[in-house]
Amino acid sequence: MAASIREKQTAALKRMLNFNAPPMKNTAAEPVWKVLIYDRFGQDIISPLLSVKELRDMGITLHLLLHSDRDPIPDVPAVYFVMPTEENVDRICQDLRNQLYESYYLNFISAISRSKLEDIASAALTANAVNQVTKVFDQYLNFITLEDDMFILCNQNKEHISYHAINKPDIMDTDMEGIMDTIVDSLFCFFVTLGAVPIIRCPRGNAAEMVAVKLDKKLRENLRDARNSLFTGDTMGTGQFSFQRPLFVLADRNLDLATPLHHTWTYQALIHDVLDFHLNRVSVEESQGSEASPAGARPKKKNKKSYDLTAADRFWQKHKGSPFPEVAEAVQEELDTYRAQEDEVKRLKSIMGLEGEDDGAISMLSDNTAKLTSAVSSLPELLEKKRLIDLHTNVATAVLDHIKSRKLDVYFEYEEKLMSKSTLDKSLLDIISDPDAGTAEDKMRLFLIYYITSQQPPSEADLEQYKKAMVDASCDLSSLNYIKQWKAFTKMAATPANYGSTGVKPMGLFSRVMNTGSQFVMEGVKNLVLKQHNLPVTRILDNLMEMKSNPETDDYRYFDPKMLRGSESSIPRNKNPFQEAIVFVVGGGNYIEYQNLVDYTKAKQGKRVLYGCSELFNAAQFIKQLSQLGQK
């Protein structure tokens, strides 16, 4: 199996921290102690990939933000990892003048311009520090990897490339160019790190097409400049794509606005939806008592606890895509096995204390010493297991509180029915007017999904009735204004997206979790099991990857940066199905689509799919952007 993008980016960072030399194999050698100086962008790239302990193993004693007050440490080399911005370059020049460190290794997250390099050079000259600036590198790492098969473009300043920014009605062309350049710069970095030149497909007439055209041009220019091309020589030799290139599908958020608003049922997507989940770190409020705070009110000051959900966490890797009820059962099982192991250790200890009192104990000793030694040696493992169990117990309990207080299972089931156009068992109006069902935002999301997915928009009279019910439930209707305009516009442009025809089926009540000894009180929460159906993004990928003919994707444009003359065609030259593909959503993505792609890939032997998006938002953040657009 070829290296994943996470492994590749991690390897690139480790190489950089090792002064851009491949990390040494012999671990006996003491690493060179050094300081790491990064800006917020660098911090966001490093933190999901390397823990503080790993940094220390690489010899990083201190890691500091570039724009903080730093004391001089004259006999230590410093590795910088920053964006090539005006103020960062000024600050680096200031560090050189103040002679903060012994030597400077400057690494820029994306390519630095000639003029800024000259600024640094002249500062080094005036500060008499030319010899200390040891290396200057462009790292081309301007993207953030969150999973083996998922990346986002940025976390800082993400509002500059958000859905809102791209779809503002009053946007200037120059601003749009700037947004597109930012996105393309990051995607270019992504492909340099991946070590592959993709074949690009995109729909016509939207932001995704603009990105495709620019990216094609940028890759083409780089390949043409053979001497400085980033895609030749040693980087490509290790490329896993030696015989086949990946397919890069650019999709536009506007092709499916229902999914980002959807209430979800899988573990990772639920955490992102209802908790504060950011760059693989989730913050949970520790509950002091069981008193419920009124909906929408700021709860009393609670302690926040942060947990990292990492690749090393086996439970997380196994269950992040499972439906929530399964996760609750799995946590309970882990807890039970852990307790059994703990009891075993206690039992052995008590037997060991029985020396000489009866003959039975003596004969057991020799056998038990061996057992105890193995039990003691497995303690660190046990403790780590306990930490992970506690983590998931806390996180899952926090999620469960939301599901129960907001009736998220009802919403999820109802929205699935809306999206799959199956028969509804109760009216939308009932849910919207039910004061116990969810927050105002939940109701708004439900109604927007109904509005987006309906073949015929509701009549004016019906709409008024819905609006009144939503205003009574204190919903902010500005997002609806935008969706109305959007729907009227897409009606001219395209047919509504189809969301697959299967829904969810409720299973019998939870078996294991229902018994009284469980951590999770699941009464009244439906045990819904997902059926696999492809969301629009997955369906488009499937058509393009398998070379299926489908009116939805037949007129997608085709770019091949390796062809000398860019031909304006939508006729793919390559007729074989692809083995590797990257789907990228311009305008933001979510864990629901990611999970849908992961499930799709599982069903296909030997295929690999990566998911990327310009920013990762949950429904609350997306509604906020829609509301801002609706207020214009």
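So, how was this worked out
- Residues numbered from 1 in each chain as written.
- Predicted model: local features only at pLDDT ≥ 70, side-chain atom pairs only at ≥ 80, totals over all residues.
- Heavy atoms only, no water.
- Core = buried A, V, L, I, M, F, W, Y, C linked by side-chain atoms within 4.5 Å.
- Buried < 20%, exposed > 50% of the residue type's maximum accessible area, 1.4 Å probe, protein only.
- Helix = DSSP H or I, 4+ residues; strand = E, 2+ residues; numbered from the N terminus.
- Axes fitted to C-alpha atoms, helices over the stretch in contact; angles between N-to-C directions.
- Parallel < 35°, antiparallel > 145°, perpendicular 65-115°, else oblique.
- Contact = heavy atoms within 4.5 Å.
- Nonpolar A, V, L, I, M, F, W, Y, C, P; charged D, E, K, R; others polar.
- Pairing = 2+ DSSP bridges.
- Expected span 1.5 Å × (residues − 1).

Just give me the short version of the nonpolar core, but keep the residues and values in it.
For soluble globular proteins, nonpolar side chains are generally found buried alongside one another. Among the nonpolar cores identified, the biggest contains 77 residues, and Ile271 and Val395 are the most heavily contacted of them. A total of seven residues in this core trace back to one element, the largest contributor, which is helix H14 (residues 379–406).

Residue-level account of the packing of helix H1 (residues 5–17) against helix H7 (residues 173–194), with values.
The geometry of H1 relative to H7 is characterised by a closest axis approach of 9 Å and an angle of 90 degrees between their N-to-C directions. Comparing the axis directions of H1 and H7 gives the class roughly perpendicular. Of the residues in H7, those in contact with Ile5, Lys8 and Gln9 of H1 are Phe190, Thr193 and Leu194. In terms of residue class, the contact of H1 with H7 is built from three nonpolar, two polar and one charged.

Provide a residue-level description of the pairing of strand S11 (residues 281–285), including the pertinent values.
Of the pairings in the sheet, the one linking strand S10 (residues 276–278) to S11 comprises three bridges and is antiparallel in character. Bridge pairing in S11 links histidine 278 to arginine 281. Between the antiparallel neighbours S10 and S11 lie two residues, among them leucine 279 with a positive phi of about 45 degrees. Pairing between S11 and strand S12 (residues 304–308): five bridges, direction antiparallel. Of the residues in S12, the one forming a bridge with arginine 281 is aspartate 308.

An account of the sheet that holds strand S4 (residues 101–108) is needed here, citing residue identities and associated values.
On the basis of which strands lie adjacent, the open sheet formed by five strands has the order S2-S1-S3-S4-S5 and parallel pairing. Here the strands that pair on one side only, and so sit at the sheet edges, are strand S2 (60–65) and strand S5 (133–138). Across this sheet, the average inter-strand angle for adjacent strands is 20 degrees, counted without regard to direction. The pairing of strand S3 (residues 73–82) with S4 spans seven bridges and is classified as parallel. Its bridge partner being in S4, proline 77 is matched across the sheet by serine 103.

Lay out helix H4 (residues 86–97) in plain terms, naming residues and giving numbers.
End to end, H4 covers 17 Å across 12 residues, agreeing with the expected 16 Å (1.5 Å per residue, within 8%). When we look at burial in H4, the residues that qualify are Asn88, Val89, Arg91, Ile92, Cys93, Asp95 and Leu96. Taken from the residues just after H4, glutamine 99 is the one with a positive phi, measuring 50 degrees.

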